[in-house]
Amino acid sequence: QVQLVESGGGLVQAGGSLRLSCAASGSILSINVMGWYRQALGKQRELVAGITRGGSTNYADSVKGRFTISRDNAKNTVYLQMNSLKPEDTAVYYCNAETLSYGIVLLYWGQGTQVTVSS
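None of the values given here were measured: they were computed from a predicted structure. (Residues numbered from 1 in each chain as written. Predicted model: local features only at pLDDT ≥ 70, side-chain atom pairs only at ≥ 80, totals over all residues. Heavy atoms only, no water.)

Colleague: Would you explain the state of the cysteines in this entry?
Modeller: What is meant by a disulfide is a covalent connection between two cysteines, made through their sulfur atoms. Tallied over the entire structure, the rule returns 1 disulfide. What pairs with C22 in a disulfide is C95, and their sulfur atoms sit 2.0 Å apart. Between C22 and C95, the disulfide has an S-S torsion of -80 degrees and is therefore left-handed. Here C22, found in strand β3 (residues 18-26), pairs with C95, found in strand β9 (residues 91-101); they are 73 residues apart in sequence, far enough to count as distant. A relative accessible area of 0% means that C22 is categorised as buried. (Disulfide = S-S within 2.5 Å. Helix = DSSP H or I, 4+ residues; strand = E, 2+ residues; numbered from the N terminus. Buried < 20%, exposed > 50% of the residue type's maximum accessible area, 1.4 Å probe, protein only.)

Colleague: Help me out: how do you make sense of the sheet that holds strand β8 (residues 77-82) in this one?
Modeller: Strand pairing in a sheet takes place through backbone hydrogen bonds and is either antiparallel or parallel in direction. Read across the sheet, 4 strands follow the order β1-β3-β8-β7 without closing on themselves; strand pairing throughout is antiparallel. With partners counted over all chains shown, the strands left at the sheet margins are β1 (2-7) and β7 (67-72), one partner each. Adjacent strand axes in the sheet meet at a mean angle of 20 degrees, parallel and antiparallel pairs treated alike. Across 6 bridges, the pairing between β1 and β3 is antiparallel. Counterpart to Q3 in the pairing with β3 is S25. (Pairing = 2+ DSSP bridges. Axes fitted to C-alpha atoms, helices over the stretch in contact; angles between N-to-C directions.)

Colleague: Teacher, can you tell me more about the environment of L29 here?
Modeller: Mapping L29 onto the fold places it in the loop between β3 and β4 (31-39). The sequence separation of L29 and S17 amounts to 12 residues, and the corresponding C-alpha distance is 31 Å.

Colleague: Help me understand the pattern of salt bridges in this model?
Modeller: Once the charged atoms of two side chains with opposite charge are near each other, the side chains can pair. In total, this model carries 4 salt bridges according to the counting rule given. Among the salt bridges present, the one from R66 reaches D89, with a minimum N-O distance of 2.8 Å. Placement of R66 in the loop between β6 (57-59) and β7 and of D89 in the loop between β8 and β9 is noted, with a sequence separation of 23 residues between them. Both residues of the pair, R66 and D89, belong to the buried class. Three or more residues joined by partner-sharing salt bridges are found here, namely R38, E46, R66 and D89. (Salt bridge = Lys/Arg side-chain N within 4 Å of Asp/Glu carboxyl O.)

Colleague: Any chance you could explain the nonpolar core here in plain terms?
Modeller: General note: in soluble globular proteins, nonpolar side chains tend to be found buried as a group. Core analysis: the biggest nonpolar cluster contains 28 residues, and L4, M34, W36, L80, M82 and Y93 have the highest contact counts within it. Put simply, the parts of the chain that give this core at least two residues each are β1, β3, β4, β5 (46-52), β7, β8, β9 and β11 (113-118). Non-local contacts of Y93, meaning those with residues more than four positions away in its chain, are made with E6, L20, W36, Y37, R38, V48, F67, L80, M82, G112, T113 and V115. (Core = buried A, V, L, I, M, F, W, Y, C linked by side-chain atoms within 4.5 Å. Contact = heavy atoms within 4.5 Å.)

Colleague: Explain the side chain of T77 here, please?
Modeller: In this fold, T77 is placed in strand β8. Within the structure, the side chain of T77 is placed 2.8 Å from the backbone oxygen of K75, a separation counted as a polar contact. The residues contacting T77, other than those within four sequence positions of it, are S21, C22, A23, S70, R71 and D72. (Polar contact = N/O pair within 3.5 Å; in protein donor to acceptor, adjacent residues only side chain to side chain.)

Everything listed is a geometric property; what it means functionally is a separate question.
In structure tokens, the structure reads:
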């Protein structure tokens, strides 16, 4: 079992910045990949950014060059630095962890944190 606790959401003006944090606890050694997803009102949840245990990253095209995902292994925490925010970035952001154990992939989710970007 993995528990994820997010923090750092809020209200910001367009062009501003926010940093989201996701602290993992529990069976953290089984975590393969961690990522951030978001879900805007009336839309499907989408991948924003992901980072592997080895540090490889990937991003949605819509956030490339503006968002940066990083991890602090000592703190078991993943961050999402969001710069040059746009109103279309408004959504609930969810932290995600993928674990692999005995060939079985499991997904864990945080409770979500609201990000609102005003124009």
